[in-house]
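One-letter residues, chain by chain:
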Amino acid sequence: MTLDLHKLEHLVAVAEEGGFTRAAERLHLSQQALSTSIRTLERYVGVQLLVRGHQHVAPTPAGQALIDDARALQAQAHAALERARRVGRGQAGHLRIGHTPAVTAEEVVDLLTRARTEEQGIQAHVRQLFPDELRDQLLTGACDLGLSRSMPADTGLTRARIAEHRLRVAVPAGHPLAAHPTVALADLSGEPLTVWGESGSSAYTDLLIGLCRQAGVEPDTQRNPVQGTPPITAVSATGRIAFVTAPPGPAAGGAAQVIDLDPPVHVPVHALWPAHTTCRDRDVFLSRAGDVPGGSAGGRAPEPVAPGCRPRSPRTEPSAEGDT
């Protein structure tokens, strides 16, 4: 017997649904057939994969390990099938990219332009996703590549830093700082700061707060009530300041002003993709789009480096895990 992808799908469904009844409904199987499939898989693996309780079913440590790898295998199988179909139809290369709101659509386009994907016959499809959605779509094979500021590489995912952007501050057009050519982080003391996730639940927010604290500023943060909108929109709508990566100058039709920070501060762009998968179009993008290699951050070991990245100039960058 070889490892059956269908049985792995059954295991994943039972774990995600927390029981056989809902998993059987999801898979359009009888509960008896599903139970038999899981028992067969357990006999093949040689260890118990699920703890069966009266009200709930949960994976054992061995079962969770197999589930994590099963998601990556399913993603690779799905990608292989889709690529074969596209090749058979004579279609161009196809790269599905998801990005979190912290990485703007303009920045994604810039990376695609740098990678010259069109010249390589690659058709890119880009969509904004919240981190949990992006993680799920990467693990299920619905996305080939994810771009974020600092989402962690969960089990089944690989991560590499491929770029970094200069951080700036956006203020309402009538703000006293709007006339300044540059500002220091220390100048933001007492200013209400819009963020896109609560401190402690979004490490990109924690990174920004950490930058302020390093400058001796305890920021007054408030979560943006409208999620998924560009940072500039929040500034013009709320009257609060925000950290952005947009170019300096007037923005939002003149309703906001983007100002350089001095000294400069940079934030990363990380690429994430399903581990143990192959994708020619993704590899082409990674080899051409990156402008920095993965480096040591916060005393951690270097991350995997996207091929073809050019050397990064020394910059101080606080470590972060998570995104918003």
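Just so we're clear, the structure is a prediction, and the values are computed from it rather than from any experiment.

The subject of this paragraph is the packing of helix α5 (residues 105-115) against helix α9 (residues 280-289). At a minimum axis separation of 8 Å, α5 and α9 run at an interaxial angle of 95°. Classified by the angle their axes make, α5 and α9 are roughly perpendicular. Along its contact with α5, which presents L111, L112, R114 and A115, the element α9 presents F285, R288 and A289. Within the contact of α5 with α9, the residues separate by chemical class into five nonpolar, no polar and two charged.

To continue, consider the side chain of T245. Looking at the element boundaries, T245 is found in the loop between β11 (241-244) and β12 (249-251). Of note is the side chain of T245, whose polar atom sits 2.3 Å from the side chain of E107. A polar contact of 3.4 Å, which involves the side chain of T245, links it to the side chain of R149. Once residues lying within four places of it in the same chain are set aside, the contact partners of T245 are E107, R149, H165, R166, L167, R168 and V267.

Before going further, it helps to spend a moment on the pairing of strand β5 (residues 145-148). Here β5 shows a buried face lined by L145 and L147 and a second buried face lined by G146 and S148. As paired strands, β5 and strand β14 (residues 266-274) are joined by three bridges and run antiparallel to one another. Each residue of the ladder has a partner; that of S148, found in β14, is H270.

The geometry of helix α1 (residues 5-17) relative to helix α3 (residues 31-45) is characterised by a closest axis approach of 9 Å and an angle of 110° between their N-to-C directions. By the angle class used here, α1 and α3 are roughly perpendicular. Both α1 and α3 take part in a crossing whose hand is left-handed. Here K7, L8, H10, L11 and V14 of α1 come into contact with α3, specifically with L34, S37, I38, T40 and L41.

Within the element layout of this structure, D260 appears in strand β13 (residues 256-261). Side chain to side chain, D260 and R168 meet in a polar contact 2.5 Å long. Once you skip the residues sitting within four places of it in the chain, D260 turns out to touch R166, R168, P181, T182, V183 and P248.

Glancing now at the nonpolar core. By size, the foremost hydrophobic cluster in this structure holds 23 residues, and its most contacted members are L167, V169, F243 and L261. Elements with a minimum of two residues in this core: β7 (168-172), β9 (192-195), α7 (203-214), β11 and β13. Counting residues per element, this core draws most heavily on α7, which supplies five residues. Not counting residues within four places of it along the chain, the set of residues in contact with V169 comprises V183, L188, I241, A242, V244, Q257, V258, I259 and L261.

So, about the pattern of salt bridges. Under the counting rule described, the total for this entry stands at 15 salt bridges. One salt bridge connects E16 with R71, and the closest N-O pair in it is separated by 3.0 Å. Residue E16 is located in helix α1, and its partner R71 is located in helix α4 (residues 61-88); the two are separated by 55 residues in the primary sequence. We classify E16 as partly exposed; its relative accessible area is 40%. Judged by relative accessible area, which is 19%, R71 ranks as buried. Of the charged contacts, one joins R71 and D68 as a salt bridge, the two residues approaching to 3.9 Å between their closest N and O atoms. Placement of both R71 and D68 in helix α4 is noted, with a separation of three residues, approximately one turn of the helix. Both residues of the pair, R71 and D68, belong to the buried class. Residues joined in a network through salt bridges with shared partners are E16, E17, R22, R26, D68 and R71.

Turning our attention to the environment of A102. Within the secondary structure, A102 sits in the loop between β3 (93-99) and α5. With 48 residues separating them along the chain, A102 and S150 place their C-alpha atoms 9.2 Å apart.

Turning next to unusual backbone geometry. Each neighbour pair has its own omega, and for D262 with P263 the value is 10°, a cis peptide bond. Relative to the assigned elements, P263 resides in the loop between β13 and β14. Unlike most non-glycine residues, R116 shows phi in positive territory, near 50°. Inspection of the secondary structure assignment puts R116 in the loop between α5 and β4 (122-128). Although it is not a glycine, A252 adopts a positive phi angle of roughly 55°. Within the fold, A252 resides in the loop between β12 and β13. Classification of A252 as partly exposed rests on a relative accessible area of 40%.

Criteria and thresholds
- Residues numbered from 1 in each chain as written.
- Predicted model: local features only at pLDDT ≥ 70, side-chain atom pairs only at ≥ 80, totals over all residues.
- Heavy atoms only, no water.
- Axes fitted to C-alpha atoms, helices over the stretch in contact; angles between N-to-C directions.
- Helix = DSSP H or I, 4+ residues; strand = E, 2+ residues; numbered from the N terminus.
- Parallel < 35°, antiparallel > 145°, perpendicular 65-115°, else oblique.
- Contact = heavy atoms within 4.5 Å.
- Nonpolar A, V, L, I, M, F, W, Y, C, P; charged D, E, K, R; others polar.
- Polar contact = N/O pair within 3.5 Å; in protein donor to acceptor, adjacent residues only side chain to side chain.
- Buried < 20%, exposed > 50% of the residue type's maximum accessible area, 1.4 Å probe, protein only.
- Pairing = 2+ DSSP bridges.
- Left-handed = near helix turned anticlockwise from the far one by under 90°.
- Core = buried A, V, L, I, M, F, W, Y, C linked by side-chain atoms within 4.5 Å.
- Salt bridge = Lys/Arg side-chain N within 4 Å of Asp/Glu carboxyl O.

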